[in-house]
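Summary of the model geometry
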Amino acid sequence: MLMTSENNEPQSETTELREQIAALDAELTEDFKAQFSVAPFLSRKIVSFQGNKDKPAYGWYKYKEAFSASLVEYFLGSYDGQISGKVLDPFAGIGTTLFAASSQGIPADGIELLPIGQEIIHARLLSEREMSSDDLATLEYWITALPWKECPERVSFSTIRITENAYPQETIEAIERYRGALQRENEKIQAILRLALLCVLESISYTRKDGQYLRWDARSGKRRPGTKAFDKGEILAFDAAITAKLKEILSDVRDVDMPVTLFPVNRAVEDIQLFEGSCLEILPTLEAAAYGAVMTSPPYCNRYDYTRTYALELAMLDLTQAEVSNLRQEMLSCTVENREKDLLKICPQWTPFIEAANQQKLLQTIYTYLDHEKASGALNNNGIPRMVRGYFSEMACVIGECARVLKPNARLFMVNDNVRYAGVSISLDTILSDIAQSLGFEVENILVVPGKKGNSSQQMGTYGRVPLRKCVYVWRKK
């Protein structure tokens, strides 16, 4: 509704700001008109974890934030003759870029903050070694004999606030016996058994991952007053879930078309290196002009809190409440609970990168609009303006560092989503590409995934449905 002055003349700063944003957005889109193209091969499946379901090993753990190995293979294969040196993924996740690049004989480095990603990558690297007949027999034994059922040793696991009462009592006891029994095995088998456990946690719990949070089945007793009861369907028994996952792993290992390794590639394990921690802290320590390509997908600017989404796994890895809270603040700003980071304290040389974001006209108008909506009480969370500012400032630093560590003419491939807040779409594809241009990149392509997705149901209910682009950016270092 338009606000009116005393003489009833319509006036609305909200409307004016929205019109300014629309005009600036149209102007920036026109600037990149030659780079935009709809790419039919970029299906929603290939740019998401769905594309990994049928690939041995990649589909064991359902990491919804991953893109597919086929996407990595496509882009690195398309520019194969032009990639010289290692590939870098600053947001490695569960290592899709690392293993897919290595399968093409390209060494790869990754940076990952979340312990769940680190654990899965380490398990895969350990499993990279040839499996002995004794190792295969041991996995078969775990599937058929269920040795944890008679194990007297029980190893408990951490509980944080969000994971309290996440499992039936009999499941908790089975997990503790399983954790006790696996300690008797060698390092490689332990890694596989821990990985299998992480893979089944959601299916044996009262929870389901749902975007920004965990949804709780009504059987957990954690239903909030006034909310509709949620039924996630079948909650698997521990024994059935873990043996099915171990059978899947063993089946992949024994695939007749593969050598007896979990991850058959034409290289040594040493061709993959993982840096554990925040890319904001680690990127400045990497050597300049050392990489032949960057292939990545950063967290989206969509309020998803991965420390909540993957809370079951973090607790199973024995993180404390304080450690999870610290992780949330170390992440790239993508949730409303992220506090402002002192970027110049992290790296004093980042002033030009931060200024590149501060001088982007469309972005500054979006900031003004969000601040105005916050002041007028129109935002559903007052942390949104701080989060959006933090996201773009930090991404500018990541982009600047990627330009520094890439070799001349090397490319950066990035998967990202546009978002919408308070009725205004934020075109990350054009804004980040504009920032990248000012930091030493040439924007070669902005490849649009066919079929635009809608915004959140809350946004659609208040402001109507507006399709949002999902793209893969292809930038070349000048």
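See the structure printed just above.
What you see is a predicted model, and the numbers here were worked out from it, not measured in a lab.

Examining the nonpolar core
Counting 69 residues, the largest nonpolar core has Val388, Phe392, Leu432 and Trp475 as its most contacted members. Here the element with the most residues in this core is helix H16 (residues 384-405); it accounts for 13 residues. If we ignore the near neighbours within four places in the chain, the residues touching Val388 are Cys301, Tyr367, Leu370, Tyr421 and Ile426. Of all hydrophobic cores here, the second largest spans 65 residues; its members include Ala181, Leu182, Trp216 and Ile249.

Overview of the state of the cysteines
On inspection of all chains with the given rule, the structure shows zero disulfides. For Cys471, which is in no disulfide, the shortest distance to another cysteine sulfur is to Cys301 and amounts to 15 Å.

Observations regarding the packing of aromatic side chains
Counted according to the given criterion, the structure contains 16 aromatic pairs. Ring geometry for Tyr391 against Phe392: centres 5.7 Å apart, planes inclined by 80 degrees, an arrangement best described as edge-to-face. Considered together, Tyr391 and Phe392 belong to a single accessibility category, that of buried residues. A connected cluster of aromatic rings, assembled from ring pairs, spans Phe41, Tyr74, Phe75 and Phe413. The ring of Tyr58 carries the charged tip of Arg124 above its face, separated from the ring centre by 4.5 Å. A cation over an aromatic ring shows up here: Arg124 above the ring of Phe99, its NZ or CZ 3.9 Å from the ring centre.

Regarding empty space enclosed by the protein
Considering all chains together, one arrives at one cavity of 30 Å³ or more under this definition. Each pocket or cavity is described by its volume, and for the largest cavity that value is around 50 Å³. In terms of lining, the largest cavity is formed by Ala57, Tyr58, Trp60, Tyr61, Ile94, Ile120, Arg124 and Leu195. Residues that form the lining of the largest cavity fall into these classes: seven nonpolar, no polar and one charged.

Regarding the layout of surface pockets
In this model, the second largest pocket occupies a volume close to 600 Å³. At four residues, strand E7 (residues 213-216) tops the list of elements feeding residues into the lining of the second largest pocket. Split by residue class, the lining of the second largest pocket holds seven nonpolar, four polar and nine charged.

Overview of the packing of helix H6 (residues 169-182) against helix H8 (residues 238-253)
The N-to-C vectors of H6 and H8 enclose an angle of 45 degrees; their axes lie 9 Å apart at closest approach. One finds that H6 runs oblique with respect to H8. Within the contact between the two elements, H6 uses Thr171, Ala174, Ile175 and Tyr178 and H8 uses Phe238, Ile242 and Leu246.

A few points about a positive patch on the surface
Together, Lys45, Lys53, Lys62, Lys64 and Arg208 give the surface a local cluster of positive charge. Tracing the sequence through the fold places Lys62 in the loop between strand E3 (36-38) and helix H2 (69-78).

Observations concerning helix H3 (residues 96-103)
Burial analysis of H3 places seven of its eight residues in the buried class, which makes it a mostly covered element. In this structure, the buried side of H3 is in contact with H2, strand E4 (86-89), strand E5 (108-112), helix H4 (115-127), strand E8 (272-276) and strand E9 (291-296).

Focus: the side chain of Gln329
With respect to the secondary-structure elements, Gln329 resides in helix H12 (residues 321-330). Engagement of the side chain of Gln329 in a polar contact is seen with the backbone nitrogen of Arg339, the distance being 2.8 Å. In this view, Gln329 contacts Glu337, Asn338, Arg339 and Lys341; residues no more than four positions away in its chain are not counted.

Conventions adopted
Residues numbered from 1 in each chain as written. Predicted model: local features only at pLDDT ≥ 70, side-chain atom pairs only at ≥ 80, totals over all residues. Heavy atoms only, no water. Core = buried A, V, L, I, M, F, W, Y, C linked by side-chain atoms within 4.5 Å. Buried < 20%, exposed > 50% of the residue type's maximum accessible area, 1.4 Å probe, protein only. Helix = DSSP H or I, 4+ residues; strand = E, 2+ residues; numbered from the N terminus. Contact = heavy atoms within 4.5 Å. Disulfide = S-S within 2.5 Å. Phe/Tyr/Trp six-rings, centres within 6.5 Å; stacked < 30°, edge-to-face > 60°. Lys NZ or Arg CZ within 6 Å of the ring centre and 35° of its normal. 1 Å grid on protein atoms, 1.4 Å probe; cavity = no way out; pocket = protein on both sides within 12 Å on 5 of 7 lines; lining within 4 Å. Points joined across faces, edges and corners; volume = space filled by probe spheres on them. Nonpolar A, V, L, I, M, F, W, Y, C, P; charged D, E, K, R; others polar. Axes fitted to C-alpha atoms, helices over the stretch in contact; angles between N-to-C directions. Parallel < 35°, antiparallel > 145°, perpendicular 65-115°, else oblique. Patch = residues over 30% accessible without salt bridge, like charges linked within 9 Å, V, L, I, M, F, W, Y side chains within 5 Å. Areas by Shrake-Rupley, 256 points an atom, 1.4 Å probe, with all protein chains shown as cover. Salt bridge = Lys/Arg side-chain N within 4 Å of Asp/Glu carboxyl O. Lys, Arg positive; Asp, Glu negative; His and termini not counted. Charge placed at Lys NZ, Arg CZ, Asp CG, Glu CD. Polar contact = N/O pair within 3.5 Å; in protein donor to acceptor, adjacent residues only side chain to side chain.

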